[in-house]
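# Chains, contacts and geometry: an overview
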Amino acid sequence: MTVEELLTIISGKLIVSCQAGHGHALRDTGTIERMARAAVDGGAVAIRCGGVGGTPDVAAVVSAVKVPVIGLTKIGSEGVFITPTRESALEVVDSGAQIVAADATLRPRPDGLTFADTVDAVHDRGGLVMADCGTLADGIAAAAAGADIISSTLAGYTENSRRLAGPDLELVSELRQALPDVVLIAEGRYHSPEDAARAIALGADSVVVGTAITDPAFITSKFAAAVSGAERQRV
Ligand SMILES: CC(=O)N[C@H](C=O)[C@@H](O)[C@H](O)[C@H](O)COP(=O)(O)O
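As a starting point, this report considers the structure included with it. The model shown is predicted, which means the values in this text are computed figures rather than measured ones.

Within the span of helix H4 (residues 86-94), buried status applies to Ser88, Ala89, Leu90, Val92 and Val93. In the core, the buried residues of H4 are packed alongside helix H3 (54-64), strand S3 (69-71), strand S4 (99-103) and helix H5 (115-124). Immediately beyond the C-terminal end of H4, within one or two residues, lies Gly96, with a positive phi of roughly 110 degrees.

Put into structure tokens, the structure is as follows:
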């Protein structure tokens, strides 16, 4: 798949991230696969998956859906942990994902290589690379390193990025202004359809939504808090 073909599919459309971390009630590859199918039924044009489920989750989703799959594997939870090495990126390609999502921050990587080394290796194997960035500087460097897609995934999760309760819409806007021609995906804490639409209005080509769609515990907690906090009227 070329980046142009991918853009045709995702432009102005929703991507859903189907992941469940260690200890989560949904942490099961078959469950992730069914979640991905349900997301596609609801209108997702691509699925992002893997995470702590790693390449088994990616392979299962690739066989279950017809839409493009953005795969990743999480190794640890500190520093660079989203597909942090060249080797892990190649494993994601080999599991069938058309696109590999990888940390593209300027921090040192566990294998001592550069992000560009990962990009080159994935390209040599026929895959595309989604660069998970936290800041404008990360995005500019990732584009220079040859990434096919720039995303705001790590905004709020790195030492030098803005810590916001909601999505970093300002970063989306900054990235679009600095990189007018790049494929840009907004991701991270998009908890309402309105915020997802705002990201498109600010120049994102597509938006990835995870937790707000695929985590029943998160959704339940919002309803539970609203119900508990509601004032009761008695007649
Ligand atoms: C920082 C990090 O590890 N982000 C991960 C990246 O794959 C996932 O845990 C997120 O769920 C994903 O980015 C979607 O974001 P949200 O779940 O906020 O819609």
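Before going further, it helps to spend a moment on helix H10 (residues 216-229). With 14 residues, H10 extends 20 Å between its outermost C-alpha atoms, agreeing within 8% with the 20 Å of an ideal straight helix rising 1.5 Å per residue. Taking the backbone nitrogen of Ala217 as reference, a side-chain oxygen 2.9 Å away marks Asp215 as the first, capping residue of H10.

Below, the discussion takes up the site of the ligand. Gln19, Glu187, Arg189, Gly210 and Thr211 are the nearest of the 14 residues found near the ligand. The side chain of Gln19 places a nitrogen or oxygen atom 2.9 Å from an oxygen atom of the ligand. Protein contacts shield 87% of the accessible area of the ligand, which totals 450 Å² for the unbound molecule. Among the residues making up the shell around the ligand, the classes are represented as five nonpolar, five polar and four charged.

The rules behind these values
- Residues numbered from 1 in each chain as written.
- Predicted model: local features only at pLDDT ≥ 70, side-chain atom pairs only at ≥ 80, totals over all residues.
- Heavy atoms only, no water.
- Buried < 20%, exposed > 50% of the residue type's maximum accessible area, 1.4 Å probe, protein only.
- Helix = DSSP H or I, 4+ residues; strand = E, 2+ residues; numbered from the N terminus.
- Contact = heavy atoms within 4.5 Å.
- Expected span 1.5 Å × (residues − 1).
- Polar contact = N/O pair within 3.5 Å; in protein donor to acceptor, adjacent residues only side chain to side chain.
- Near = heavy atom within 4 Å.
- Areas by Shrake-Rupley, 256 points an atom, 1.4 Å probe, with all protein chains shown as cover.
- Nonpolar A, V, L, I, M, F, W, Y, C, P; charged D, E, K, R; others polar.

Functional significance is not addressed by these values, which are geometric in nature.
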